[in-house]
Amino acid sequence: MSTNNCFPKDFVWGAATASFQVEGFTREEGGGESVWERFCKMPGRVAFDHNGDIGPGQFKKYKEDIQLMKWLGIKAYRFSIAWPRIFPDGETLNPKGIDYYNRLIDELLDNGIEPWVTMYHWDNPWALEEKFGGWRSKETVKALEKYVAYVTDKISDRVTNFFTVNEIMCFTSLSYESGSHAPGLRLDRKTVAQTVHNGCLAHGTALAAIRANARRPVKVGIVENMPVTVPAFASEENIVAARNAFRVMSASKLTPIMEGKYPDFWLEEMGNDVPEFDDAEMKLISAPMDFVGCNVYAPTYVIADADAMHGFREIPHPAGYPKMDMPWLFIGPDITYWAPRHLKELWNVDAVYITENGCAAQDRMAPDGEVYDTDRTMYLRHHFMAAERATAEGWPLKGYFVWSLMDNFEWSWGYTKRFGIVYVNYETLERTPKLSAKFYRETIKQNAVV
Ligand code: GBH
């Protein structure tokens with residue numbers, strides 16, 4: 001047993017997935033169509049027009065997957081619930097929709113793994129898009145409230161840890177501004193700002209609905225992919241600059257969630273395009289959370305600049321900066337250290353979870369049937385070193401969830417990108433733990449960087 005580089009005893013090691021990315025079989029037991037199911041049917045939107053009809057098929061293979069989790073030794077499985085299974089048209093309850101999640105939760109608990117539930121990871125009912133314009137409308141937030149209240153009532157007897165929504169920018173800006181995510185629209189700045197505000201409101205509304213309907217004391221937080229600002233090097237000025245940048249760059253999302261108001265500079269910058277909101281909404285949005293979940297993948301480098309508006313400058317990645325197998329996946333493991341530190345220093349957050357971290361790699365099965373992903377293993381190990389440093393220095397990092405348990409539907413990239421520590425053969429649905437899975441297993445076993 002290694003005694004160096006150890007993590008705290010109660011550190012939560014986990015793995016994460018999302019419903020539309022791993023389940024498949026979305027229409028079984030009365031499920032409805034999600035925006036992503038519809039988006040996949042629009043030619044040319046998803047690589048090779050791939051879709052989520054089967055994918056890794058966890059809906060059928062959850063028992064096998066839970067045995068894999070058990071072998072890995074993870075203590076927690078973060079998964080999301082598919083809203084259209086529960087409310088197929090967004091408004092009418094399908095009582096059978098919850099059955100799958102009851103089976104999944106019971107099987108996890110029977111195997112000593114804690115379910116950590118994300119209420120919304122981008123697969124909202126398509127019907128709400130048609131009826132109300134999806135996240136453009138507060139009607140969708142009301143529908144979410146009904147869905148979250150129902151689900152909480154059904155599962156909080158067994159589930160303790162809940163996340164409200166996953167990554168506000170990914171179901172607002174990417175969906176209604178750049179159009180790379182479902183429903184794939186390119187709209188004006190004011191409309192987009194309204195979707196972002198409604199995304200914050202969805203978080204606050206879900207938070208309240210979980211608390212109001214829980215059958216036992218539960219813990220609730222958001223999952224955000226805030227830009228994680230890293231001082232280009234850690235001089236005192238650069239550290240201050242990175243901390244300010246963390247707050248400034250989240251001006252329309254995490255900052256109002258933590259502070260209860262949009263920063264003045266942001267309101268000024270938005271001018272007439274400021275979204276519609278009122279005090280009651282801001283109160284709901286900024287209700288205290290039990291923890292903050294951070295999805296961390298790539299760094300944003302910052303240096304101090306006394307002449308710049310907020311005292312910092314973002315340094316773009318030079319051509320040739322090393323990346324993993326996505327155009328945006330610049331390597332920068334320090335983010336796993338700086339996210340909990342900034343959150344503590346800015347807003348006194350006492351519990352932070354890395355709710356996603358991982359990478360795509362060009363995995364190929366070797367002739368001996370193994371997948372030797374030394375690149376992913378390298379990527380992960382450096383994040384573990386940063387995590388260990390954070391805990392050793394006393395920053396509030398309480399756990400880590402690898403993205404992802406297994407290869408899955410990578411949104412507009414379809415099945416062309418693999419993020420799993422377990423390889424999925426999409427023809428046979430066979431699962432093969434990669435080298436990185438064996439590495440993760442040993443890390444958990446020793447509770448140390450190995
Ligand atoms: C997470 O999003 C998701 O939660 C998860 O579902 C997903 O599978 C995983 O990461 C891997 O991608 O430069 O315009 O192309 C990650 C957030 C949002 C980060 C989009 C990269 C690129 C925007 N990602 N962003 S762009």
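Bear in mind the structure is a predicted one, so any value in this text is a computation, not a measurement.

1. Some words on the sheet that holds strand 1 (residues 12-16)
Adjacent strands of a sheet form backbone hydrogen bonds with each other and so pair up, either parallel or antiparallel.
Then step 1. Strand order around the closed barrel formed by eight strands is 1-2-3-4-5-7-10-11, with parallel pairing between neighbours. Each adjacent strand pair in this sheet contributes to an overall mean axis angle of 25 degrees, direction not counted.
Then step 2. Direction of pairing for strand 2 (residues 76-80) relative to strand 3 (residues 114-120): parallel, over a ladder of five bridges. Within strand 3, the residue paired with Ala 76 across the bridge is Glu 114.
Then step 3. Along the sheet, helix 16 (residues 374-392) makes contact with strand 10 (352-356) and strand 11 (397-403), crossing strand 11 at roughly 170 degrees.

2. Focus: the pairing of strand 5 (residues 219-224)
Moving residue by residue along a regular strand, the side chains alternate between the two faces of the sheet.
Then step 1. Taken across its six residues, strand 5 has five buried, putting it largely inside the fold.
Then step 2. The pairing of strand 4 (residues 161-166) with strand 5 spans four bridges and is parallel. Within strand 5, the residue paired with Phe 162 across the bridge is Val 220.
Then step 3. The pairing of strand 5 with strand 7 (residues 291-295) spans four bridges and is classified as parallel. Counterpart to Glu 224 in the pairing with strand 7 is Cys 294.

3. Looking at the packing of helix 16 against helix 17 (residues 435-446)
Then step 1. One way to put it is that helix 16 packs onto helix 17 with a least axis distance of 8 Å and a crossing angle of 25 degrees. Judged by the angle between their axes, helix 16 and helix 17 are roughly parallel. Across the interface between the two elements, Thr 374, Arg 376, Thr 377, Leu 380 and Phe 384 from helix 16 touch Leu 435, Ser 436, Phe 439, Tyr 440 and Thr 443 from helix 17.
Then step 2. Taken together, the residues of the contact of helix 16 with helix 17 sort by class into five nonpolar, four polar and one charged.

4. A few points about unusual backbone geometry
Then step 1. Cis peptide bonds are those with omega within 30 degrees of zero, and the linkage from Ala 182 to Pro 183 qualifies with 5 degrees.
Then step 2. Within the secondary structure layout, Pro 183 lies in the loop between helix 9 (173-176) and helix 10 (189-213).
Then step 3. In this structure, the amide linkage connecting Trp 403 to the following residue, Ser 404, adopts the cis form with an omega of 10 degrees.
Then step 4. Note that Ser 404 resides in the loop between strand 11 and strand 12 (422-424).
Then step 5. Look at Phe 25: it is not a glycine, yet its phi comes out positive at around 50 degrees.
Then step 6. Structurally, Phe 25 is set in the loop between helix 1 (19-22) and helix 2 (35-40).
Then step 7. Despite not being glycine, Trp 411 has its phi angle at roughly 45 degrees, a positive value.
Then step 8. Judged by C-beta crowding, with 23 C-beta atoms within 10 Å, Trp 411 ranks as buried.

5. A closer look at the sheet that holds strand 9 (residues 312-315)
Then step 1. With mixed pairing, three strands are arranged side by side in an open sheet as 6-8-9. Strands with a single pairing partner mark the edges of an open sheet, and in this sheet they are strand 6 (228-231) and strand 9. Averaged over all pairs of adjacent strands, the angle between their axes in this sheet comes to 45 degrees, without regard to strand direction.
Then step 2. Pairing analysis gives four bridges linking strand 6 to strand 8 (residues 299-304), with the strands arranged parallel. Paired with Thr 229 across the strands is Thr 300, a residue of strand 8.
Then step 3. Helix-sheet contacts for helix 11 (residues 236-249) involve strand 6, strand 8 and strand 9, and the interaxial angle to strand 8 is about 125 degrees.
Then step 4. Where helix 15 (residues 335-347) meets the sheet, it contacts strand 6 and strand 8, and its direction lies at approximately 105 degrees from that of strand 6.

Scoring rules and cut-offs
- Residues numbered from 1 in each chain as written.
- Predicted model: local features only at pLDDT ≥ 70, side-chain atom pairs only at ≥ 80, totals over all residues.
- Pairing = 2+ DSSP bridges.
- Helix = DSSP H or I, 4+ residues; strand = E, 2+ residues; numbered from the N terminus.
- Axes fitted to C-alpha atoms, helices over the stretch in contact; angles between N-to-C directions.
- Contact = placed C-beta atoms within 7 Å.
- Buried ≥ 20, exposed ≤ 12 C-beta atoms within 10 Å, placed from the backbone.
- Parallel < 35°, antiparallel > 145°, perpendicular 65-115°, else oblique.
- Nonpolar A, V, L, I, M, F, W, Y, C, P; charged D, E, K, R; others polar.

Read these as geometric descriptors, not functional statements.
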